Amino acid sequence: MKKVISLLGSTGSIGQSTLQVLKLHPDSFQIFALSCFNNTHLLVKQCIEFQPKYLVTKDTADAKFVREQIKGKSSAKVLSGSDGYEFIAGNDEVTDVLAAITGSAGLKSTYQAAIKGKRILLANKESMVMAGSLIMAEVAKSRGSIIPVDSEHNAIYQVLINHTNKFIRKVILTASGGPFRDLNASEIENVTVEEALNHPNWSMGDKITIDSATMMNKGLEVIEASYLFNLPSKKIEVLVHPQSIIHSLVEYEDGSLLTQLGCPDMRVPISFALGYPDRIRSGVEGINLAQCENLSFSKPNHQIFPCLNLAYEALEAGQSHIITLNAANEIAVDAFLHKKIKFTQIYILVRKALDSIKSMDFNDIDSIISLDRNARKKAQQTLMDI
């Protein structure tokens with residue numbers, strides 16, 4: 001029986017890589033829906049090529065444009081807005097939902113997929129960061145499942161015995177260190193947007209690339225790992241591994257250290273998630289170990305990457321701090337991308353946001369979204385004072 005797929009964020013880098021893998025297996029998958037936020041031109045091309053039943057855009061104006069472009073070329077129904085994303089995430093026909101919408105915008109649709117018991121292929125770490133406990137509770141209640149697509153969490157998932165955290169001493173998330181891993185504090189002060197977007201190993205969207213450069217991305221992954229694998233922060237470590245060949249490790253109580261190796265290409269974890277429990281072709285060649293002369297590891301330089309500390313701090317402080325961390329970081333990264341602040345001021349803005357928040361816990365999505373909205377407003381106000 002074919003797996004029926006909804007792609008939340010089909011025009012982003014993860015979505016495009018997913019479609020490349022799906023093209024290799026036309027008899028195993030049916031594409032139910034594609035969606036985008038801004039790139040409607042690419043969505044139209046994807047629709048004509050893959051002929052899904054539904055498309056979703058961010059608003060009615062974009063939906064109108066897409067309808068006009070696909071007229072006579074596709075019978076896909078075009079929906080828009082939050083209701084549209086939630087519809088394709090929870091539809092009864094759908095078996096698997098690739099959650100790849102960048103940032104907090106993917107929260108409600110991911111949560112809907114969890115409620116409806118879908119198999120969630122999770123590439124939107126912000127959803128888990130903001131509402132990890134709620135999402136995991138709904139997945140358990142609905143008997144759904146989550147297979148992480150982030151290369152680090154996917155690696156951990158692959159080597160966990162029976163997919164439980166039993167007998168784990170710690171997990172180690174590897175990080176490339178991004179483009180600035182060899183700089184000192186004075187050198188990093190005036191790095192440019194163009195330099196920050198020049199990741200040495202991975203091809204990703206702008207937001208996640210900047211997060212990689214600050215190592216906030218790794219901090220968010222620490223929080224995600226805590227929820228996904230039910231681990232305290234003290235059992236989650238980070239090591240810089242510039243080659244991006246080893247994609248995280250699990251150390252067990254007996255001293256065994258297990259890992260997964262792969263080329264730095266997102267089609268590898270995507271194909272694992274799509275095919276699970278089977279292994280399917282990804283279109284990526286294996287590693288030539290004879291050419292891997294040096295696999296190195298080092299501890300992060302917290303003077304250069306202070307955002308990593310903020311994530312650990314927020315995880316210890318609780319849900320309101322985690323939500324605020326994520327919201328303020330999105331505002332700060334956007335400001336840096338638009339050259340409103342310096343690279344080092346991303347940390348300053350998030351630091352100020354965390355200092356202003358009180359510790360609270362939430363048991364519903366609407367409360368989380370409300371705090372997220374307020375945190376963004378405060379971050380925007382702080383931005384004006386920096």
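Residues numbered from 1 in each chain as written. Predicted model: local features only at pLDDT ≥ 70, side-chain atom pairs only at ≥ 80, totals over all residues. Heavy atoms only, no water.

1. With respect to the sheet that holds strand β8 (residues 168–175)
Sheet architecture is open: four strands sit in the order β9-β8-β10-β11, paired in mixed fashion. This sheet does not close on itself; its edge strands, each paired only once, are β9 (236–240) and β11 (257–261). Along the sheet, successive strands turn relative to each other by an average axial angle of 20 degrees, direction set aside. Sheet topology note: the strand β10 (residues 246–252)/β11 ladder contains four bridges and is antiparallel. For I246, the partnering residue across the bridge sits in β11 and is L261. (Pairing = 2+ DSSP bridges. Helix = DSSP H or I, 4+ residues; strand = E, 2+ residues; numbered from the N terminus. Axes fitted to C-alpha atoms, helices over the stretch in contact; angles between N-to-C directions.)

2. Things to note about helix α4 (residues 81–90)
Judged by how many residues are buried, α4 sits mostly within the fold: seven of ten residues are covered. Elements in contact with the buried residues of α4: β1 (3–8), β2 (29–35), β3 (54–57), β4 (77–80), β5 (96–99) and α5 (107–115). (Buried < 20%, exposed > 50% of the residue type's maximum accessible area, 1.4 Å probe, protein only. Contact = heavy atoms within 4.5 Å.)

3. Section: the pattern of salt bridges
What the rule picks out here adds up to 22 salt bridges. Residue D62 pairs with K58 through a salt bridge whose shortest N-O separation is 2.8 Å. As a salt-bridge pair, E251 and R169 come within 2.9 Å of each other at their nearest N and O atoms. Of this pair, E251 sits in strand β10 while R169 sits in strand β8; the two residues are 82 residues apart in sequence, bridging distant segments of the chain. Under the relative-accessibility criterion, R169 is labelled partly exposed at 35%. One network of salt bridges, with partners in common, ties together R169, K170, E237, E251 and E253. (Salt bridge = Lys/Arg side-chain N within 4 Å of Asp/Glu carboxyl O.)

4. Quick notes on the packing of aromatic side chains
Evaluation of the coordinates by the stated rule reveals seven aromatic pairs. Judged by centre distance (5.2 Å) and plane angle (40 degrees), the ring pair of F32 and Y54 falls under tilted. Pair noted here: F32 is in strand β2 and Y54 is in strand β3, with a separation of 22 residues, a long-range link. Like F32, the residue Y54 is buried in the burial classification. Judged by centre distance (5.0 Å) and plane angle (65 degrees), the ring pair of Y54 and F87 falls under edge-to-face. In this pair, Y54 sits in strand β3 while F87 sits in helix α4, placing the two residues 33 residues apart along the sequence. Over the ring of F37 we find K58, and its NZ or CZ is 5.7 Å from the ring centre. (Phe/Tyr/Trp six-rings, centres within 6.5 Å; stacked < 30°, edge-to-face > 60°. Lys NZ or Arg CZ within 6 Å of the ring centre and 35° of its normal.)

5. Overview of the nonpolar core
I135, L325, F343 and I368 are the most contacted members of the largest nonpolar core, which totals 87 residues. Among the elements that line this core, the one with the most residues is helix α14 (residues 319–337), at nine residues. If we ignore the near neighbours within four places in the chain, the residues touching F343 are F180, I188, V191, A196, A213, T214 and F336. (Core = buried A, V, L, I, M, F, W, Y, C linked by side-chain atoms within 4.5 Å.)

Bear in mind that shape data such as this cannot, by itself, settle questions of function.
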